[in-house]
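# Structure at a glance
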Amino acid sequence: MSLDTVAIAEENPNSVQPFAELGLKEDEYARIKTILGRRPTSSELAMYSVMWSEHCSYKSSKVHLKQFGEKAVKSAALLVGIGENAGVVDIGQNYAVTFKIESHNHPSFIEPYQGAATGIGGIVRDILTMGARPIAVMDPLRFGLADAPDTRRLLPGIVAGIGGYGNCLGLPNIGGEIVFDESYAGNPLVNALCVGVMKHEDIKLATAHGAGNLVVLFGAKTGGDGIGGVSVLASETFNSAKPTKRPSVQVGDPFAEKVLIECCLEIFKADLVIGIQDLGGAGLSCATSELASAGSGGMDIQLEKVPLRDPTLSPEEILMSESQERMCAVVEPAKIKHFMAICKKWDVTATVIGEVTTGERLHITFNGQLIVDVPPRTVAHDGPVYNRPIMKPSYIDKLAESTFTVPLPTAADEVKAAVLKLIASPNIADKSWVTSQFDKYVQGNTVLAQPEDSGLVRIDEETHLGVAISTDANARWSYLNPYEGAKLALAESCRNIATSGAKPLAVTNCLNFGSPEDPEVMWQFAETVRGLADACLELGLPITGGNVSFYNQTGSVAILPTPVIGVLGVIQDVRERTPMGIPAADLDLYLIGKYNGNLSGSEWAYLHGEIGNSAPVANLEMEKRLVDFLLSGQSIFESAHDVSNGGLAATLVESVLKNKIGARIELNDVANALFSETPGRVLVAIAQNKTNDIAKLAVKYQIPIYKIGTTGGTNLEINQAVISIEELSKAHTETFPRLFG
Amino acid sequence: MSFRVGVVTFPGSLDDRDAARAIEMAGGTAVPLFHASDDLKEVQAVVLPGGFSYGDYLRCGAIARFAPIMNSIVTAANHGFPVLGICNGFQVLCESHLLPGALTRNSNLHFLCRDQKLKIENTNTLWTSGFTAGEEILIPLKNGEGSFQCDDETLNILESEGRVIARYLDFDPNGSRNLIAGISNERGNVVGLMPHPEHAIETLTGPSTAGLTFFTSALHQLVGR
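Residues numbered from 1 in each chain as written. Chains lettered and ligands numbered in written order. Predicted model: local features only at pLDDT ≥ 70, side-chain atom pairs only at ≥ 80, totals over all residues. Heavy atoms only, no water.

## Focus: the overall build of chain A
We count it as follows: Put simply, DSSP H or I for four residues or longer makes a helix, DSSP E for two residues or longer makes a strand, and each gets a number counted from the N terminus. For the radius of gyration, the atom set is restricted to C-alpha positions; the globular benchmark scales as 2.2 Å times the number of residues to the power 0.38. Burial here depends on accessible area, computed with a 1.4 Å probe over protein chains only, as a share of the maximum for the residue type. Under 20% is buried, over 50% is exposed, and the range in between is partly exposed. Residue contacts are defined here by distance: any two heavy atoms, one from each residue, within 4.5 Å place the two residues in contact. Computed with a 1.4 Å probe, the accessible areas rest on the Shrake-Rupley method; for each residue, only the protein chains presented here act as cover. A positive count includes Lys and Arg, and a negative count includes Asp and Glu. His and the chain ends are not counted in either. For charged residues, the charge sits on one atom: NZ in Lys, CZ in Arg, CG in Asp, CD in Glu.
Scanning chain A for helices and strands turns up 27 helices and 28 strands. Since a compact globule built from 741 residues should have a radius of gyration of about 27 Å, the 26 Å found for chain A is in line with a globular shape. For chain A, the spread of C-alpha atoms along the principal axes amounts to about 85 × 55 × 45 Å. By the burial criterion, 65% of the 741 residues in chain A qualify as buried. Put simply, 86% of the contacts in chain A that link residues at least 6 apart link residues at least 24 apart. About 24,800 Å² of surface is accessible on chain A, with carbon and sulfur atoms providing 52% of the total. Put simply, chain A has 61 plus and 85 minus side-chain charges, and the middle of one group is 2 Å from the middle of the other.

See the structure below:
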């Protein structure tokens, strides 16, 4: 194939170009021509097509996401906000924390191991790019039915990929979620969160300033993997009627990334970069245009200098390649020698591929021929924006008017059977088959990890400062009411943070939805964003960034709307954290917060094929008081565990099984009390001489509390139902090994 | 005076900072050693930490054994210099022929991270002298290739000479022969251990503090010299 240069594009304005195959619509192609005043070269077309894809440009979500900025509270804690690779939050003592969550859903469906592995790799580089040392990862996962053949293909591969990559990087995996629902069949959700820490002065940004400064590409060599992955994989619905488009999913090399991390941290420490950007989706197209766009000048790149794994790659392919473990930095000429020496120490390939210029354009040449001449902003930031039609789905009102019934146990043997059935169900069952494949110990600072309410990591060994992270979503509530669902997910995540003893500080999100071209999906999305923005405003928490994953649907069937909300909290002394497990006998058990008996969206209803009729309405004013109650009560709580999926039944069983210490519980209206998932509730254990203390807190924060039992013995006794710890343990732990080997 | 214990960082080492933390907590001074240099910096003992040296893309530890630092360590170890290899470090010691046998894929083929009960079998090595014989401890185990394998003859030698220093108790995590979790060389100065004592030094971040004894054992022995 001959080289398509700017000169040729000018000479042959009418050449037919495969813009549709690259995922561009006709009007988008026309817009590129208007911007350039000519047809794009094939290299320019490649760049625009990947950068204007849904995945990179947020073209369908932008009009909604701007609420996050408009409604946001002014938070002094926010050091870097939305728009950079990841937001940065001040946690005190001159420490800054950056965290972000991203999806790698489509690649993981195609190739579970590599898709999930490179999902971890990508988010870790985003965190590293901010100047931070990555300190932990988490992975919220969603699959089709647990016993479906495809789930058996996907889950073990995805879990192995997350472990294979994350373990090899030396990052503790401290939590996540695993949820099964038939709507995720064919569209598994693989979200990955990473958190990193740095000192305030070490924050780095993706920008290219100063004419004459050098653009350095370092890390792995560029190969043919993942070419077009962004535009074709992440931005089109899987449709069995059309021929399948399955370009290669990127292949990860965690060792290269580990070395790259150490190399970057040494480079940062020596203060050798002006700006830095990782190469993820859209590869060099993204890195060069974003760096140049955020800077003050232009940029010249000599593409033939890019070290290649496959020497046959064309310039277009080099620009689109999504080869992993690469970074792009802007370095002053005076510092380049030092920069290169550090790369050499870590055996990291580093090559100067261009420089920052005084101009306003991004010029890319290949062996001296000009193949790209564009205003970088038009590639990186001025992509198309769509205000897509929205329509409230008809199912919502239909469900709201419907009634549903599920069997409610009353007799002791019925209660026992129901509890055992619930805790053996895949969504509630013990997940250690998965989490034991992840290293939670490395770095030596993990204080709490899954199945605790939040993952909690020590930041400073002297002062005991730490951070907590939780990710949550209740997609069934979001299906019934996406506005409330988003608020409830945020409330739950904050509650999990506070339950462990940390103060909620900032929010990130990964919004997983079906096709934005479906007005009903778009309505779900719009309502979700509105709910999350309102909830953040009411709780006084800034959103530091996020990710949108559309096109999670097969044919006309979309996944449940799944906004995964991540909350970061800070704890001044990690030794004061509260674990979930009952630690001793003869403690009093209190249920904090009131239940209303609604089983809509609950696991118990789901087990009987019902989704219910209405989501709970989030009471954020109460949730705020609950957080304050929990934080004030840390010193008297011996254990604390949130009530969420599976209701009080699941909470009790998990609290008992953690340290194998039983409990005796008395409940009125036993079935609803056990299985309702009414939000805003926590189970706590306190010493019996602390009754007055908890009562005072309850009055102070106006939170209803109910003493429901005491700890001790070798059974969980609920009214007359007696279930031995052995029986609970067997039911809880056998499900995953039975399903997945 | 302070006792200097080196911790080697290979490309891909992960638990190097954790090993250093344990050494410091035991009262020693941790000295970082880099794979590319053969300088042992006058340390009195060395820990080869866990991780995935060179990605472990070949056999685990197979490339690390050729690092310049390993030449110095092998020479010194053959003269009685104390070396503790943890997890990947154990694998490196086997590949370097300082210890017999090999670590292969876990029998269930999965990476496994769990709190593992061990029985300390030999308290005569430099690294286990602080334990009582038969002591049961709980420390983290985390690896994908931790199944200790060797031929019958080697196994007989290890058992008859009392060179099995720790065995898995109550649960077989990986299919190791005779449930072997760690072994020593003939002299007892070189010890390889699959579980991670450096992650059991404080109850806040580990299941016990029993791991610290491996490090205090060595420091006490070195003080006595």
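## Some words on helix α20 (residues 519-539) of chain A
All names here are of chain A. Spelled out, the test is: Each helix should span, by expectation, one fewer than its residue count multiplied by 1.5 Å. Think of a polar contact as two N or O atoms within 3.5 Å of one another; within protein, one of them needs to be a possible hydrogen donor and the other a possible acceptor, and neighboring residues in sequence only count if both atoms come from side chains.
The terminal C-alpha atoms of α20 lie 30 Å apart, and with 21 residues this matches the ideal 30 Å at 1.5 Å per residue to within 8%. The N-terminus of α20 is capped by D518, whose side-chain oxygen sits 2.8 Å from the backbone nitrogen of E520. Residue G540 follows α20 closely and has a positive phi angle near 70 degrees.

## Digging into the nonpolar core
Soluble globular proteins tend to bury their nonpolar side chains together. Quick note on the threshold: In plain words, nonpolar cores are sets of buried Ala, Val, Leu, Ile, Met, Phe, Trp, Tyr and Cys residues tied together by side-chain atoms within 4.5 Å.
Ranked by size, the top nonpolar core spans 133 residues in total, and within it F218 and F339 of chain A together with F10 and L48 of chain B carry the most contacts. Considering every element that reaches this core, the biggest residue donor is helix α10 (residues 254-269) of chain A, with nine residues. Formed by 46 residues, the second largest nonpolar core is a distinct cluster that contains L22, M51, L291 and V356 of chain A.

## Here's the deal with the sheet that holds strand β13 (residues 369-374) of chain A
Residue and element names in this part refer to chain A. Note the threshold: DSSP-based pairing: two strands are paired if at least 2 bridges between them are found. Helix axes are fitted to C-alpha atoms over the stretch in contact, other axes to C-alpha atoms as well, and angles between N-to-C directions run from 0 to 180 degrees.
Overall, mixed pairing links the seven strands, which are arranged β8-β10-β7-β11-β9-β12-β13 in an open sheet. Whereas interior strands pair on both sides, the edge strands pair on one side only; in this sheet they are β8 (275-278) and β13. Across this sheet, the average inter-strand angle for adjacent strands is 20 degrees, counted without regard to direction. Across five bridges, strand β7 (residues 214-219) lies against strand β11 (residues 350-357) in antiparallel orientation. Paired with L217 across the bridge in β11 is T351. Together, β7, β8, β9 (298-302), β10 (326-331), β11 and β12 (362-366) form the strand contacts of helix α11 (residues 283-294), whose direction differs from that of β8 by roughly 155 degrees.

## Some words on the packing of helix α19 (residues 482-500) of chain A against helix α22 (residues 620-632) of chain A
Residue and element names in this part refer to chain A. The criterion, for reference: The cut-offs work like this: below 35 degrees is roughly parallel, past 145 is roughly antiparallel, 65 to 115 is roughly perpendicular, and the gaps in between are oblique. Residues are sorted three ways: Asp, Glu, Lys and Arg are charged, Ala, Val, Leu, Ile, Met, Phe, Trp, Tyr, Cys and Pro are nonpolar, and all the rest, Gly among them, are polar.
Interaxial distance between α19 and α22 falls to 9 Å at its minimum, and their mutual angle equals 10 degrees. Put simply, α19 runs roughly parallel to α22. Within the contact between the two elements, α19 uses K487, A491, C494, R495, A498 and T499 and α22 uses L620, E623, L626, V627, L630 and L631. Of the residues assigned to the contact of α19 with α22, the class counts are eight nonpolar, one polar and three charged.

## Observations concerning the packing of aromatic side chains
Counted only if it meets this: Stacked, edge-to-face and tilted labels apply to pairs of Phe, Tyr and Trp rings (six-membered ring for Trp) whose centres lie within 6.5 Å, assigned for plane angles under 30 degrees, over 60, and everything in between, in that order. Cation placement over rings: the criterion is NZ of Lys or CZ of Arg within 6 Å of the ring centroid and within 35° of the ring normal.
A complete count under the given rule lists 18 aromatic pairs over all chains for this structure. Judged by centre distance (4.9 Å) and plane angle (65 degrees), the ring pair of F131 of chain B and F214 of chain B falls under edge-to-face. Here the residue F131 of chain B occupies a position in the loop between β6 (112-120) and β7 (136-143), and F214 of chain B occupies one in helix α5 (residues 212-223), the gap between them amounting to 83 residues. A residue is classified by how much of its surface remains accessible, and F131 of chain B, at 5% relative accessible area, is buried. Through a chain of ring-to-ring contacts, three or more aromatic side chains come together here, namely F143, F180, W433, F736 and F740 of chain A. When the ring centre of Y95 of chain A is taken as origin, the NZ or CZ atom of K199 of chain A, which lies over that ring, is 4.8 Å away. If you follow R114 of chain B out to its NZ or CZ, it ends over the ring of F171 of chain B, 3.9 Å from the centre.

## Thoughts on the sheet that holds strand β23 (residues 637-642) of chain A
Residues and elements named next belong to chain A. A sheet is described by the order of its strands in space; here seven strands give the open sequence β23-β25-β22-β26-β24-β27-β28, paired in mixed fashion. Looking at which strands have only one partner, the edges of the open sheet turn out to be β23 and β28 (721-724). Between one strand and the next, the sheet's axes are offset by a mean angle of 20 degrees, whatever the strand orientation. Pairing analysis gives three bridges linking strand β24 (residues 663-665) to strand β27 (residues 715-718), with the strands arranged parallel.

## Side note on the interface of chain B and chain A
Here is the rule: Accessible-area loss on putting two parts together, using a 1.4 Å probe and summing over both, is the definition of buried area adopted here. What makes a salt bridge here is a side-chain nitrogen of Lys or Arg within 4 Å of a carboxyl oxygen of Asp or Glu, nothing more.
Contacts between chain B and chain A engage 26 residues on the former and 30 residues on the latter. Across the chain B/chain A interface, buried area totals approximately 2,400 Å², and carbon plus sulfur atoms make up 60% of it. Inspection of the chain B/chain A interface yields three salt bridges. Between K142 of chain B and D439 of chain A there is a salt bridge; the shortest N-O distance is 2.7 Å. Linking chain B with chain A are twelve residue pairs in polar contact (both at pLDDT 80 or more). Elements with a contribution of two residues or more to the side of chain B that touches chain A: α1 (16-25), β6 and β7 of chain B. Per-class residue counts for the side of chain B that touches chain A are twelve nonpolar, seven polar and seven charged.

## With respect to the packing of helix α16 (residues 412-424) of chain A against helix α26 (residues 725-733) of chain A
Residues and elements named next belong to chain A. Put simply, the test is: Whether a crossing is left-handed or right-handed is set by the direction in which the near helix is turned from the far one by less than a right angle, anticlockwise for left-handed and clockwise for right-handed.
In the contact formed by α16 and α26, the axes pass within 7 Å of each other and the chain directions differ by 35 degrees. Taken as a pair, α16 and α26 cross one another with a handedness that is right-handed. The segment α16 lies against α26, with K416, V419, L420, I423 and A424 engaging E727, L728, A731 and H732. Along the lines of polarity and charge, the residues of the contact of α16 with α26 split into six nonpolar, one polar and two charged.

## A few points about the side chain of T711 of chain A
Residue position: T711 of chain A is located in strand β26 (residues 705-711). Judged by its relative accessible area of 0%, T711 of chain A is buried.

## Observations regarding the pattern of salt bridges
All names here are of chain A. Per the counting criterion, the structure on display carries 39 salt bridges over all chains. R125 is paired through a salt bridge with E257; the nearest N and O atoms lie 2.6 Å apart. One end of the pair, R125, is in helix α7 (residues 112-129); the other, E257, is in helix α10, with 132 residues separating them in the sequence. E257 shares its class with R125; the two are buried.

## Regarding the confidence of the model for chain B
Which entries qualify depends on this criterion: Confidence per residue, as judged by the predictor, is encoded in pLDDT with a range of 0 to 100.
Confidence along chain B averages 96 in pLDDT terms, with 99% of residues attaining 70 or more. Taken together, the chains of this predicted complex give a pTM of 0.94 and an interface ipTM of 0.96.

## Some points on empty space enclosed by the protein
All names here are of chain A. What counts here: Residues are called lining when one of their atoms sits within 4 Å of a cavity or pocket point, these points coming from a 1 Å grid over the protein atoms alone, where a cavity is a set in which a 1.4 Å probe fits but cannot get out and a pocket is an open set with protein on both sides within 12 Å along at least five of seven lines. Grid points are joined across faces, edges and corners, and a volume is the space filled by probe spheres set on the points.
Tallied over the entire structure, the rule returns three cavities of 30 Å³ or more. For the largest cavity, the calculated volume is near 110 Å³. Surrounding the largest cavity, 13 residues form its lining, V179, N474, A475, R476 and N645 being those nearest its centre. Taken together, the elements giving at least two residues each to the lining of the largest cavity come down to β5 (173-180) and α18 (475-480). In terms of residue class, the lining of the largest cavity is made up of five nonpolar, three polar and five charged. Roughly 60 Å³ of internal volume is contained in the second largest cavity. Taken together, N474, W477, L488, E492, R495, V643, S644, N645, E677 and P679 make up the lining of the second largest cavity. Take the lining of the second largest cavity: its biggest share by element is three residues, from α19.

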